Amino acid sequence: EGLMLAKGLKPMMLAQIPEADKAAFLRDFRLGMVEALEAYLELERALLEERDEDAKELYKKAAGLEDPAHERFTEDG
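Residues numbered from 1 in each chain as written. Predicted model: local features only at pLDDT ≥ 70, side-chain atom pairs only at ≥ 80, totals over all residues. Heavy atoms only, no water.

Before going further, it helps to examine the overall build of the protein. Tallying secondary structure elements over the protein gives three helices and zero strands in all. The order of helices and strands in the protein, counted from the N terminus, is α-α-α. Taking all 77 residues of the protein together, 23% fall into the buried category. Summarising the internal contacts of the protein: among those between residues at least 6 apart in sequence, 50% fall at separations of at least 24. Split by element, the accessible area of the protein, about 5,900 Å² in all, is 54% carbon and sulfur. (Helix = DSSP H or I, 4+ residues; strand = E, 2+ residues; numbered from the N terminus. Buried < 20%, exposed > 50% of the residue type's maximum accessible area, 1.4 Å probe, protein only. Contact = heavy atoms within 4.5 Å. Areas by Shrake-Rupley, 256 points an atom, 1.4 Å probe, with all protein chains shown as cover.)

Using the criterion set out here, one finds eight salt bridges in the structure. Residue Glu 19 is joined to Lys 22 by a salt bridge in which the shortest nitrogen-to-oxygen separation is 3.6 Å. A relative accessible area of 22% places Lys 22 in the partly exposed class. Across the pair Arg 51 and Glu 49 runs a salt bridge, and its minimum N-O distance is 2.8 Å. The exposure class of Arg 51 is partly exposed, given its relative accessible area of 30%. According to the relative accessible area criterion, Glu 49 is partly exposed, its value standing at 42%. Via salt bridges that share partners, Arg 45, Glu 49, Arg 51 and Asp 54 belong to a single interconnected network. (Salt bridge = Lys/Arg side-chain N within 4 Å of Asp/Glu carboxyl O.)

Turning our attention to the environment of Lys 7. Along the chain, Lys 7 turns up in helix H1 (residues 2-7). For Lys 7, a relative accessible area of 36% translates into the label partly exposed. Each C-alpha atom of the pair Lys 7 and Met 33 lies 6.0 Å from the other, and the pair is 26 residues apart in sequence. Sequence-distant contacts of Lys 7, that is, excluding residues within four places in its chain, are made with Phe 29, Met 33, Val 34 and Leu 37.

Purely geometric numbers; function is a separate question.
Dropping the structure here:
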């Protein structure tokens, strides 16, 4: 649910990005949100289908997306 809310927001770091780079930065943010949503949906499907081993791997993948995105798109990293 938090991802769906964050998807509609602008990244905190956008104000610090040079004007010429803002469109690409915002595109990269949105693409990252899509990737994260896809990863969590894949995880949810595995959990609902009781594919526990797949779910463990998918959780690692989904969780691994968070830190790099926070470092790039937020002020608090």
